Amino acid sequence: MTLPTRVKIVDVGPRDGLQNEKQAVPASVKIELVHRLQAAGLKAIEVTSFVSPKWVPQMADNAEVMAGITRLPDVHYSVLTPNLQGFEASRASRPDEIVVFGAASETFSQRNINCSITESIERFAPVVAAARAAGIPVRGAMSCVVGCPYEGEVAPERVGYLAGLMKGIGVQHIGVADTIGVGTPLKVQRAMAATLKHFGLDEVSGHFHDTYGQALANTLACLEMGIWQFDASVAGLGGCPYAKGATGNVATEDLVYMLHGMGIATGIDLNRLIDAGEYISTQLQRRPNSRVAVALLSQRAG
Ligand code: HMG
Ligand code: MG
């Protein structure tokens, strides 16, 4: 078993984490969160999404947040763009990467982006073409790769089918997402294997929500396959507005702690990451949803 020696983490907290917040989170707080994440050493941050403000009101300040960030040259700032309208709206913000997002489950596709899987690919194709013509890298995200809140278990063949469609329209990197965190290691490995039939090892990342406490185990199962890129959310923020009961992504703090403990480099300063998580948790008036953060914060308190 050869594990990667280095892992790239994309912190999706400002987007995936905050999109589901019922309370209004001011743009200034989102901007400060991004600043603290980059100060902690994150080199890739998913900042916001250019989606309909009627569907996801929390992301309505997308352009304001992007404009407010003091960018570092070696940090990549990505945004979600579900259609050409979103892509065009994102252009002024100069994203370093855009993300089109589909689902392996037909019902989730309808609930999340209001169209079928086939229609979603038809919508994404011109977005991908326009982004690539403008020199902007394109990531695809596949939701519900193990289970769907409406359809139950999702077969790996469904994942492979969507991965093939994404590859076919020119998506360069694919995120394999367990949206509702129901996956367990062998099931996640099967979803990954189905994806790896269409994308190379360096073009695939894991995106694991931690609803059932399986995200770190699922991550380890992927590391064993050589996958070295993962999304995580500082303080375990989040959930999906179209996946009832789903909680946030694996906490970045927990992921970093595990990786460092295994001798795998991330470039992230865990202490400063804890600070970033404490900042946003205080703003939201709750404790970080990270076992590692809670443990280290109580140690600090002495
Ligand atoms: P639609 O209603 O089918 O779109 O929504 P439409 O083209 O028919 O347009 C209807 C209205 O929406 C129009 O406005 C458009 O202008 C507007 P009206 O004329 O009624 O005033 N509109 C837009 N406004 C702003 N930005 C846009 C945009 N597009 C249309 N880009 C749409 C289709 C995709 C827009 C809608 O369903 C939507 O916004 N959905 C939000 C989905 C979302 O953000 N979900 C959460 C993120 S995905 C996720 O969390 C999963 C992930 O983390 C991986 C995982 O864990 O699984 C990535
Ligand atoms: Mg997600």
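Whatever comes next refers back to the structure up there.
None of the values given here were measured: they were computed from a predicted structure. (Residues numbered from 1 in each chain as written. Chains lettered and ligands numbered in written order. Predicted model: local features only at pLDDT ≥ 70, side-chain atom pairs only at ≥ 80, totals over all residues. Heavy atoms only, no water.)

1. A short note on the packing of aromatic side chains
Each aromatic ring pair is characterised by the separation of its centres together with the angle its planes make. We count it as follows: Only the six-membered ring of Trp is used, alongside the rings of Phe and Tyr, when aromatic pairs are assigned; centres must lie within 6.5 Å, and planes under 30 degrees apart are stacked while those over 60 apart are edge-to-face, with the rest tilted. Helix and strand definitions here come from DSSP, where helices need a minimum of 4 consecutive H or I residues and strands a minimum of 2 consecutive E residues; each element is numbered from the N-terminal end. Throughout this description, buried means an accessible area under 20% of the type-specific maximum (1.4 Å probe, protein chains only), exposed means over 50%, and partly exposed covers the range between.
The tally for this structure, following the rule as stated, stands at 2 aromatic pairs. Consider the rings of F108 and Y150, whose centres lie 6.4 Å apart with planes at 35°: the pair is tilted. Of the two residues, F108 sits in helix α5 (residues 106-113) while Y150 sits in the loop between β6 (147-148) and β7 (152-153), which places them 42 residues apart along the sequence. Residue class for F108 comes out buried when judged on its relative accessible area of 1%. Take Y150: its relative accessible area is 33%, and that puts it in the partly exposed class. Relative to F230, the ring of F208 lies with its centre 6.5 Å away and its plane at 50°, an arrangement referred to as tilted. Of this pair, F208 sits in strand β9 (residues 204-208) while F230 is found in strand β10 (residues 229-232), placing the two residues 22 residues apart along the sequence.

2. Observations regarding the site of ligand 1
Where we set the bar: We call a residue near a molecule or strand as soon as one heavy atom of that residue lies within 4 Å of the molecule or strand. Here a polar contact is taken to be a pair of N or O atoms separated by no more than 3.5 Å, where protein atoms must pair a possible hydrogen donor with a possible acceptor and residues adjacent in sequence count only if both atoms sit in side chains. Accessible areas in this description were obtained via Shrake-Rupley with a 1.4 Å probe; residue shielding takes into account the shown protein chains only. Cavities and pockets are found on a 1 Å grid laid over the protein atoms alone: a cavity is a set of points where a 1.4 Å probe fits but cannot escape, a pocket is an open set with protein on both sides within 12 Å along at least five of seven lines, and a lining residue has an atom within 4 Å of such a point. In this description, a molecule resides in a pocket or cavity if more than half of its atoms sit within 2 Å of the grid points defining it. Classes in brief: Ala, Val, Leu, Ile, Met, Phe, Trp, Tyr, Cys and Pro nonpolar; Asp, Glu, Lys and Arg charged; the others, Gly included, polar.
Surrounding ligand 1, one finds 25 residues, the nearest of these being R15, N83, N114, S143 and T179. Contact between ligand 1 and N112: a nitrogen atom at 2.9 Å from a side-chain N or O atom of the residue. In isolation ligand 1 exposes 1100 Å². Once the protein is present, 74% of that is buried. Here ligand 1 occupies the largest pocket. Sorting the residues of the shell around ligand 1 by element identifies α1 (13-17), α4 (84-91) and α5 as the ones contributing at least two each. Split into classes, the residues belonging to the shell around ligand 1 amount to 10 nonpolar, 11 polar and 4 charged.

3. Considering the nonpolar core
Condition: Grouping buried Ala, Val, Leu, Ile, Met, Phe, Trp, Tyr and Cys residues that are joined through side-chain atoms within 4.5 Å yields what is termed a nonpolar core. Between two residues, a contact is recorded if the distance between any of their heavy atoms is within 4.5 Å.
Counting 91 residues, the largest nonpolar core has I9, M166, V171, L273 and I280 as its most contacted members. If we ignore the near neighbours within four places in the chain, the residues touching I9 are L42, A44, F230, A232, T252, L255, V256, L259, T266 and I268.

4. Digging into the coordination of the magnesium ion (ligand 2)
Short version of the rule: Coordinating donors are taken to be N, O and S atoms lying within 2.8 Å of the metal, or within 3.2 Å when the metal is Na, K or Ca; because water is excluded from the atom set, some sites may appear incomplete.
Protein-derived ligands of the magnesium ion (ligand 2) are D16 (OD), H207 (NE2) and H209 (NE2), with the metal-ligand distances lying across 2.0 to 2.3 Å. Motif for the magnesium ion (ligand 2), donor spacing along one chain: D-x190-H-x1-H. Per residue, the accessibility class of H207 equals that of H209, and both read buried.

5. Brief notes about the layout of surface pockets
Using the following cut-off: Grid points are joined across faces, edges and corners, and a volume is the space filled by probe spheres set on the points.
If you add up the space inside the largest pocket, you get close to 740 Å³. What lines the largest pocket is a set of 41 residues, among which V51, L80, P82, F101 and I113 lie closest to the centre. Tallying contributions element by element places strand β5 (residues 138-143) first for the lining of the largest pocket, with 4 residues. Residue classes in the lining of the largest pocket are distributed as 19 nonpolar, 16 polar and 6 charged. Forming the walls of the second largest pocket are 14 residues, and the residues nearest its centre are D210, G213, D254, N289 and R291. Classifying every residue of the lining of the second largest pocket by side-chain character gives 4 nonpolar, 7 polar and 3 charged.

6. What about the pairing of strand β1 (residues 8-11)?
So the rule is basically this: One requirement defines pairing of two strands: DSSP has to find at least two bridges between them.
Pairing of β1 with β10, which is carried by 4 bridges, proceeds in the parallel orientation. Counterpart to V10 in the pairing with β10 is D231.

7. Quick word on unusual backbone geometry
Even without being glycine, A235 reaches a positive phi, approximately 60°. Mapped onto the secondary structure, A235 falls in the loop between β10 and α10 (252-261). On the accessibility criterion, A235 (3% relative accessible area) is buried. For Q285, which is not glycine, the phi dihedral falls at a positive 55°.

8. A closer look at helix α7 (residues 156-168)
Rule in force here: A helix is expected to span 1.5 Å for every residue after the first. By construction, the arc corresponds to the directions joining the helix axis to the C-beta atoms.
With 13 residues, α7 should cover 18 Å at 1.5 Å per step; its first-to-last C-alpha distance of 18 Å lies within 8% of that length. Among all positions in α7, only V159, G160, L162, A163 and M166 are buried. On an axial view of α7, the arc spanned by its buried residues comes to 165°, and they lie on one face. Turned more than 90 degrees away from the buried face of α7 sit E157 and G168, all of them exposed. Contacts made by the buried residues of α7 are with β4 (97-103), α6 (117-133), β5, β8 (173-178) and α8 (185-195). Count one or two residues on from α7 and you reach G170, which has phi positive near 100°.

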